[in-house]
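# Results of the structural survey
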Amino acid sequence: MPNTFISLEVPRGDGVGAAVDTALTGHPKTFVLAGPVRTGARYVIEGSNDGGATWDILLDDDDGTQVMFNARSSGAKSADCVVGKVRVRSIFGPLDADPPSITMGAPPVAGSPFFARLDVPPQSGLGAPLDLGLSAGPLKTFTVRGPIPPGSRYTILASMDGVQFDEVLLFTADQQGARSRKVMCRFVRVMRLAPGMAPVVTVGAEGLFEP
């Protein structure tokens, strides 16, 4: 398969552009902005791994900051992630002028990716293990969206045999954005230590090459 180059819809004012299917694009994904950005305007790149119901902000590979363009940050930005859809969120964008253009470039996938929601228990404890199957590659992207009060901890655990689980990622109230890890495993699950309503946790895993 060839590389993919997609022009993303950038809305005027405040709002989100149309979602673009990126399930068959590999990683990393590079975003380039062209055109002037008015002072105060921000354009954020969001990704989804559950069909577009839940969105999170993609993070830049170089420094872990949000993939966001503004008047002082307009260079190319890359996110090494596995997401099924992407879109642009405009914040304080002008209504009286055309928005800048944002283009995404990505290599082809090696194999069929895996996307799913993880089980999050209604109170502190362990969620049910999710079987990623035998064709999930090492790079996995996790998102946590919803209420996360201060002091809350949502830990992503990984396992090869479904019995022994080890921590690979931690989400707290201070963290936001789709986060990726390279870890070989077949099962993942959520360990919750938090009050209140449960957030939505999703995963996207790259597929292995299948000749």
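Refer to the structure presented above.
Residues numbered from 1 in each chain as written. Predicted model: local features only at pLDDT ≥ 70, side-chain atom pairs only at ≥ 80, totals over all residues. Heavy atoms only, no water.

## Thoughts on the pairing of strand β15 (residues 153-159)
This is how the line gets drawn: Between buried and exposed lies partly exposed: a residue is buried under 20% and exposed over 50% of the maximum accessible area for its type, with that area taken using a 1.4 Å probe on protein chains only. Secondary structure is summarised from DSSP: a helix means a run of H or I of at least four residues, a strand means a run of E of at least two, and numbering begins at the N terminus for each. Strands qualify as paired when DSSP identifies two bridges or more between them.
Among the 7 residues in β15, 6 count as buried, and that is most of the element. Bridge count between β15 and strand β18 (residues 187-193): 7 bridges; the pairing is antiparallel. Note on β18: the bridge partner recorded for Tyr 154 is Arg 192. As defined by bridge partners, β15 adjoins strand β16 (residues 166-171) across 5 bridges and the pair is classed as antiparallel. Looking across to β16, one finds that Leu 157 is bridged to Glu 167. Here β15 hands over to β16 after 6 residues, with Gly 162 in that stretch at a positive phi of 80 degrees.

## Some details on the nonpolar core
Worth spelling out the cut-off: We call a set of buried Ala, Val, Leu, Ile, Met, Phe, Trp, Tyr and Cys residues a nonpolar core when their side-chain atoms join them within 4.5 Å. The criterion used for residue contact is that any of the two residues' heavy atoms lie within 4.5 Å.
Ranked by size, the top nonpolar core spans 23 residues in total, and within it Ile 156 and Val 188 carry the most contacts. At the level of elements, β14 (136-145), β15, β16, β18 and β19 (200-207) are the ones that each hand at least two residues to this core. Once residues lying within four places of it in the same chain are set aside, the contact partners of Val 188 are Leu 118, Ala 128, Pro 129, Leu 130, Leu 132, Phe 142, Leu 157, Ala 158 and Phe 165. In this structure, Cys 81, Val 86, Ala 106 and Ala 178 belong to the second largest nonpolar core, which totals 22 residues.

## Here we look at the environment of Ala 19
Structurally, the position occupied by Ala 19 is in the loop between β2 (15-16) and β3 (20-21). Residue classification places Ala 19 among the partly exposed residues on the basis of a relative accessible area of 43%. Note: C-alpha distance between Ala 19 and Pro 94 (75 residues apart in sequence) is 21 Å. Not counting residues up to four positions away in its chain, the partners in contact with Ala 19 are Trp 55, Lys 85, Val 86 and Arg 87.

## Observations regarding the layout of surface pockets
To keep it simple, the criterion reads: Every definition here rests on a 1 Å grid over the protein atoms only: cavities are sets of points where a 1.4 Å probe fits but cannot get out, pockets are open sets enclosed by protein on both sides within 12 Å along at least five of seven lines, and lining residues have some atom within 4 Å of a point. Grid points are joined across faces, edges and corners, and a volume is the space filled by probe spheres set on the points. Basically, the charged four are Asp, Glu, Lys and Arg, the nonpolar ten are Ala, Val, Leu, Ile, Met, Phe, Trp, Tyr, Cys and Pro, and anything else, Gly included, counts as polar.
There is about 180 Å³ of room inside the largest pocket. Leu 59, Asp 60, Asp 61, Ala 79, Asp 80, Cys 81, Ala 178, Arg 179, Ser 180 and Arg 181 are the residues that line the largest pocket. In terms of residue count, strand β17 (residues 179-182) provides more of the lining of the largest pocket than any other element does, 3 residues in total. When grouped by side-chain class, the residues that make up the lining of the largest pocket number 4 nonpolar, 1 polar and 5 charged.

## As for the side chain of Thr 143
Put simply, the rule is: N or O atoms within 3.5 Å of each other form a polar contact, as long as, within protein, one can give a hydrogen and the other can take it, and as long as residues adjacent in sequence are counted only when both atoms are side-chain atoms.
In this fold, Thr 143 is placed in strand β14. Thr 143 gets classed as buried once you look at its relative accessible area, which sits at 2%. Within the structure, the side chain of Thr 143 is placed 2.4 Å from the side chain of Thr 202, a separation counted as a polar contact. With near-sequence residues (within four places) excluded, Thr 143 lies in contact with Asp 56, Ala 178, Val 200, Val 201 and Thr 202.

## Thoughts on the environment of Met 68
Summarising the element assignment, Met 68 is placed in strand β7 (residues 68-69). On the accessibility criterion, Met 68 (18% relative accessible area) is buried. Excluding its chain neighbours within four sequence positions, the residues that come into contact with Met 68 are Arg 42, Tyr 43, Val 44, Ser 73 and Lys 77.

## Things to note about the sheet that holds strand β11 (residues 114-117)
Here is the rule: Axes here mean lines fitted to C-alpha atoms, for a helix over just the part in contact, with angles spanning 0 to 180 degrees between N-to-C directions.
The 4 strands are arranged β11-β19-β14-β17 in an open sheet whose pairing can be described as antiparallel. In this open sheet, the two edge strands, each paired with only one partner strand, are β11 and β17. Neighbour to neighbour, the strand axes of the sheet diverge by 20 degrees on average, direction disregarded. Inspection of the sheet shows β14 paired to β17 by 4 bridges, in the antiparallel sense. Bridging from a neighbouring strand, Lys 140 pairs with Arg 181 of β17.

## Observations regarding the pattern of salt bridges
Proximity of charged atoms lets side chains of opposite charge pair with each other. Going by this rule: Salt-bridge detection follows one rule: a side-chain nitrogen of Lys or Arg within 4 Å of a carboxyl oxygen of Asp or Glu.
One pass over the full model with this rule turns up 7 salt bridges. With its nearest N and O atoms 2.4 Å apart, the salt bridge here joins Arg 12 to Asp 98. Of the two residues, Arg 12 is situated in the loop between β1 (4-8) and β2 and Asp 98 in the loop between β9 (85-91) and β10 (101-106); the sequence distance between them amounts to 86 residues. The class of Asp 98 is exposed, set by a relative accessible area of 60%. Measuring nitrogen to oxygen at the nearest pair gives 3.1 Å for the salt bridge that ties Arg 117 to Asp 50. Placement of the pair is Arg 117 in strand β11 and Asp 50 in the loop between β5 (42-48) and β6 (56-57), with a sequence separation of 67 residues. Look at Asp 50 and you get buried, because its relative accessible area is 18%. Residues joined in a network through salt bridges with shared partners are Glu 46, Arg 87 and Arg 89.

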